[in-house]
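Secondary and tertiary structure notes
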Amino acid sequence: MDHVPFDDAETYNPEPGWARVALAGSEAFSFEWFEKRPGHASPMHSHPNEQVCICIEGELSVETEHGETATLGAYDSVRFESDEPHIVANQTEEQAIGIDVFAPGRSFDFWLNRL
């Protein structure tokens, strides 16, 4: 068993107002809790991991390189294929909270090495 208390989990902030927390995971998959401040958007990016993004609170807007869009409300989710360029944004005036699941798992190095 790999128990990761939220308050003890590894954290990082790729940008001000964009916090990420590593939840329990492995090389096969990883989970990251995140919060996005109002108006924040990740840059268009891709990675070799498949990704499922779940909106827990607030609203998230997602867009792919090909112009596909979706708006996620609480408990809605979206899946991105590996290497599929995408943006995840909070276009509202309220904070948004979500969980990302990656397969295979990844470390925080993805964003830390890009920014």
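Preceding this section is the structure that the text describes.
The structure reproduced in this document is the subject of the present report. (Residues numbered from 1 in each chain as written. Predicted model: local features only at pLDDT ≥ 70, side-chain atom pairs only at ≥ 80, totals over all residues. Heavy atoms only, no water.)

Quick look at the pairing of strand β5 (residues 60–64)
Convention followed: We call a residue buried when its accessible area falls under 20% of the maximum for its residue type, exposed when it is over 50%, and partly exposed in between, using a 1.4 Å probe and counting protein chains only. Numbering of helices and strands runs from the N terminus; a helix is a DSSP stretch of H or I covering at least four residues, while a strand is a stretch of E covering at least two. For two strands to pair, DSSP has to find at least two bridges joining them.
Summarising burial for β5: 4 of the 5 residues are buried, a large majority. In the sheet, β5 pairs with strand β6 (residues 69–72) via 4 bridges, with the strands oriented antiparallel. Within β6, the residue paired with Ser61 across the bridge is Thr71. The hairpin formed by β5 and β6 contains 4 residues between the paired strands, and Gly67 there has a positive phi angle of roughly 85°. Sheet topology note: the β5/strand β8 (residues 86–89) ladder contains 4 bridges and is antiparallel. From the neighbouring strand, Thr64 faces β8, where its bridge partner is His86.

Digging into empty space enclosed by the protein
Our working definition: Cavity means a closed set of points on a 1 Å grid over the protein atoms alone, one where a 1.4 Å probe fits but cannot get out, pocket means an open set with protein on both sides within 12 Å along at least 5 of 7 lines, and lining means a residue has an atom within 4 Å of a point. Grid points are joined across faces, edges and corners, and a volume is the space filled by probe spheres set on the points.
A full pass over the atoms with the stated rule returns 1 cavity of 30 Å³ or more. A volume near 80 Å³ is recorded for the largest cavity. Sorting the residues of the lining of the largest cavity by element identifies β2 (18–22), β3 (30–36) and β9 (96–103) as the ones contributing at least two each.

Observations regarding the nonpolar core
Keep this limit in mind: Residues belong to a common nonpolar core when they are buried Ala, Val, Leu, Ile, Met, Phe, Trp, Tyr or Cys residues joined through side-chain atoms within 4.5 Å. Every residue pair with non-hydrogen atoms within 4.5 Å of one another is taken to be in contact.
Within the largest apolar cluster, 10 residues are counted, these being Phe34, Cys53, Cys55, Leu60, Val62, Leu72, Val78, Phe80, Val88 and Ala96. In contact with Cys55, other than residues within four places in its own chain, are Leu60, Leu72, Gly73, Ala74, Tyr75, Asp76, Ile97 and Gly98. Within the second largest apolar cluster, 6 residues are counted, among which are Trp33, Ile97, Ile99 and Val101.

Some points on the layout of surface pockets
For the record, the criterion: Amino acids are sorted into nonpolar (Ala, Val, Leu, Ile, Met, Phe, Trp, Tyr, Cys and Pro), charged (Asp, Glu, Lys and Arg) and polar (every other residue, Gly among them).
Of the volumes computed, that of the largest pocket is approximately 160 Å³. Around the largest pocket, the lining is made up of 14 residues, and of these Ala22, Leu23, Gly25, Ser30 and Arg106 lie nearest the centre. Taken together, the residues that form the lining of the largest pocket break down as 6 nonpolar, 4 polar and 4 charged.

Focus: the sheet that holds β8
Our working rule: To get an axis, fit a line to the C-alpha atoms, keeping to the stretch in contact for a helix; angles then go from 0 to 180 degrees between the N-to-C directions.
One open sheet accounts for 3 strands, arranged β6-β5-β8; its pairing is antiparallel. What marks the edges here is a single partner per strand, and that holds for β6 and β8. The sheet shows a mean angle of 15° between the axes of neighbouring strands, taken without regard to direction.

Things to note about the pairing of β9
When a strand is regular, its side chains alternate between the sheet's two faces. By the criterion of burial, β9 is predominantly enclosed, with 7 of the 8 residues buried. Sheet topology note: the β3/β9 ladder contains 7 bridges and is antiparallel. Of the residues in β9, the one forming a bridge with Glu32 is Asp100. As paired elements, strand β4 (residues 50–57) and β9 share 7 bridges and run antiparallel to each other. Note that in β9 the partner of Val52 across the bridge is Val101.

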